[in-house]
Amino acid sequence: RGTVTAFSPFDARADAEALRKAMKGMGTDEETILKILTSRNNAQRQEIASAFKTLFGRDLVDDLKSELTGKFETLMVSLMRPACIFDAHALKHAIKGAGTNEKVLTEILASRTPAEMQNIKQVYLQEYEANLEDKITGETSGYFQRLLVVLLQANRDPDGSVNEGLVEQDAQVLFRAGELKWGTDEEKFITILGTRSVSHLRRVFDKYMTISGFQIEETIDRETSGDLEKLLLAVVKCIRSVPAYFAETLYHSMKGAGTDDDTLIRVMVSRSEIDLFDIRQELRKNFAKSLHQMIQKDTSGDYRKALLLLCGGDD
């Protein structure tokens with residue numbers, strides 16, 4: 001359900017030659033660069049990079065960095081990174097230096113599948129010779145840290161037949177850990193929301209509503225706060241619907257004054273081959289907005305042209 005798919009007929013050498021021509025000599029032909037890179041999928045972009053090095057002895061990403069600037073450069077360079085390297089890179093920057101970008105940790109760890117998470121950990125180790133879990137625990141604390149660690153284990157139960165007895169039991173445990181308790185037993189929320197299968201949790205949320213009269217989100221909102229609350233809510237939203245979660249993320253990155261370009265680029269790049277069509281539909285359904293029109297209004301220049309091509313049309 002991605003908006004970017006394999007381009008056909010594909011010729012890596014021809015693309016590499018066109019890109020070299022676009023960046024050689026005085027001035028840069030941005031139009032050619034953005035057209036090629038937004039219409040090839042990531043596997044093809046890797047082939048182009050390899051052909052580029054073979055033909056010209058130059059690194060395509062280095063050339064892009066030296067020829068382009070600003071948000072357009074960030075977007076083009078991001079498109080050149082394979083998915084798990086892209087995520088590992090985003091996480092590295094979220095925990096590097098002073099202050100931690102909890103928003104990035106929350107978004108990536110709440111939304112990636114267990115298989116994707118395992119890949120990210122492996123790539124992180126290869127690229128940065130460091131253990132992602134150690135890095136994250138070094139920069140976070142409390143229950144927020146604990147839930148991140150649970151999600152990093154990527155050991156969520158696989159989807160299978162749902163045991164109604166266990167659904168009832170989990171819903172009761174959550175009810176007693178939150179609404180019925182003076183204070184909150186955060187650990188119960190972390191264990192259940194971090195380890196049960198997606199189909200099981202969807203049933204738990206329905207059962208929870210029946211037992212308590214509240215949506216699980218309302219309880220999390222009342223019973224927890226800060227980074228833990230944001231992470232628990234992100235996990236619940238992704239269990240309900242990953243595209244709906246990203247539609248909301250994109251909506252907030254562009255609504256009101258100013259644009260959160262980092263988030264906009266991260267979501268557009270990371271979801272363009274997975275579920276951007278579904279995200280567009282959810283945005284239209286839940287916020288009565290078209291992703292295409294929001295990008296049109298909030299961005300400009302080559303950066304806007306490239307984002308609109310990734311968006312793949314208007315709803």
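Residues numbered from 1 in each chain as written. Predicted model: local features only at pLDDT ≥ 70, side-chain atom pairs only at ≥ 80, totals over all residues. Heavy atoms only, no water.

Naming follows an unreviewed UniProt entry, where the chain appears as Annexin of Mesitornis unicolor. Comment text from UniProt for the chain, heading Sequence similarities (unreviewed entry), reads "Belongs to the annexin family." (UniProt positions renumbered as here; feature names shortened; annotations may be inferred.)

> Would you explain helix H20 (residues 301–311) in this entry?
Every α-helical turn comprises 3.6 residues, leaving residues that sit three or four positions apart pointing alike. If you check which residues of H20 are buried, you get Tyr303, Ala306, Leu307, Leu308, Leu310 and Cys311. Positive phi appears at Gly312, one or two residues downstream of H20, with a value of about 75°. (Buried < 20%, exposed > 50% of the residue type's maximum accessible area, 1.4 Å probe, protein only. Helix = DSSP H or I, 4+ residues; strand = E, 2+ residues; numbered from the N terminus.)

> Is there a simple way to think about the packing of helix H7 (residues 102–111) against helix H10 (residues 142–153) in this case?
Think of two packed helices as two axes; the pair is described by the angle between the axes and how far apart they sit. The geometry of H7 relative to H10 is characterised by a closest axis approach of 10 Å and an angle of 35° between their N-to-C directions. Like other packed secondary-structure pairs, H7 and H10 cross with a definite hand, here left-handed. Here Glu102, Leu105, Thr106, Leu109 and Ala110 of H7 lie close against H10, whose contacting residues are Phe144, Leu148, Leu151 and Leu152. (Axes fitted to C-alpha atoms, helices over the stretch in contact; angles between N-to-C directions. Left-handed = near helix turned anticlockwise from the far one by under 90°. Contact = heavy atoms within 4.5 Å.)

> What should I look at first to understand the state of the cysteines in this one?
Among covalent bonds in proteins, the disulfide is the one between the sulfur atoms of two cysteines. Taken as a whole, this structure holds 0 disulfides when the rule is applied. Residue Cys238 stays outside any disulfide, its sulfur separated by 19 Å from that of Cys84, the closest cysteine. Overall, the relative accessible area of 8% leaves Cys238 in the buried class. Free cysteine: Cys311, not disulfide-bonded; nearest cysteine sulfur from Cys238 at 20 Å. For Cys311, a relative accessible area of 0% translates into the label buried. (Disulfide = S-S within 2.5 Å.)

> Can you help me understand helix H5 (residues 70–79) in this one?
Taken as a whole, H5 has its buried residues at Phe72, Leu75, Met76, Val77, Ser78 and Leu79. Elements in contact with the buried residues of H5: helix H2 (30–39), helix H3 (42–56), helix H4 (60–67), helix H6 (83–94), helix H17 (261–271) and H20.

> Sorry, what's going on with the packing of H7 against H17 here?
Where H7 contacts H17, the two axes come as close as 12 Å, and the packing angle between them is 15°. It follows from the interaxial angle that H7 and H17 lie roughly parallel. For the pair H7 and H17, the crossing hand works out as right-handed. Each of Lys103, Val104 and Glu107 in H7 lies in contact with H17, whose residues at this interface are Thr263, Arg266 and Val267. (Parallel < 35°, antiparallel > 145°, perpendicular 65-115°, else oblique.)

> Would you take a moment to explain the pattern of salt bridges for this structure?
Any two side chains of opposite charge can pair, given that their charged atoms come close. Following the criterion strictly, the structure yields 23 salt bridges and no others. One salt bridge in this structure joins Arg146 and Glu187, with 2.3 Å as the shortest N-O distance. Of this pair, Arg146 sits in helix H10 while Glu187 sits in helix H12 (residues 186–195), and the two are 41 residues apart along the sequence. Given a relative accessible area of 38%, Arg146 falls into the partly exposed group. One network of salt bridges, with partners in common, ties together Glu31, Lys35, Asp302 and Lys305. (Salt bridge = Lys/Arg side-chain N within 4 Å of Asp/Glu carboxyl O.)

> Would you mind going over the nonpolar core with me for this structure?
In summary, soluble globular proteins display a tendency toward joint burial of nonpolar side chains. Counting residues in each nonpolar core, the largest one holds 95 residues, and the members touching the most others are Met76 and Met268. Take this core: its biggest share by element is 9 residues, from helix H15 (residues 226–240). (Core = buried A, V, L, I, M, F, W, Y, C linked by side-chain atoms within 4.5 Å.)

> Even after reading the chapter, I still don't get the domain arrangement of the chain, so can you show me in this structure?
When the parts of a complex come together, some accessible area is lost, and that lost area is often taken as the interface size. As far as domains go, the chain holds domain 1 (83–153), domain 2 (164–240) and domain 3 (244–311). Averaged C-alpha coordinates put domain 1 and domain 2 at centres separated by 23 Å. Residue-level contacts link 11 residues of domain 1 with 13 residues of domain 2. Summed over both sides, the interface between domain 1 and domain 2 buries roughly 1,100 Å², with carbon and sulfur atoms accounting for 81% of that surface. It is Tyr143, Phe144 and Leu147 that lose the most area in domain 1 upon contact with domain 2, and together they represent 46% of the buried surface on that side. Here domain 1 and domain 2 share 1 salt bridge between them. At the boundary of domain 1 with domain 2, the tally comes to 1 residue pair in polar contact (both at pLDDT 80 or more). At 7 residues, the largest contribution of residues to the side of domain 1 that touches domain 2 is made by H10. Among the residues forming the side of domain 1 that touches domain 2, the class breakdown is 7 nonpolar, 2 polar and 2 charged. (Domains from an automatic or database assignment. Buried area = accessible area lost by both parts, 1.4 Å probe. Polar contact = N/O pair within 3.5 Å; in protein donor to acceptor, adjacent residues only side chain to side chain. Nonpolar A, V, L, I, M, F, W, Y, C, P; charged D, E, K, R; others polar.)

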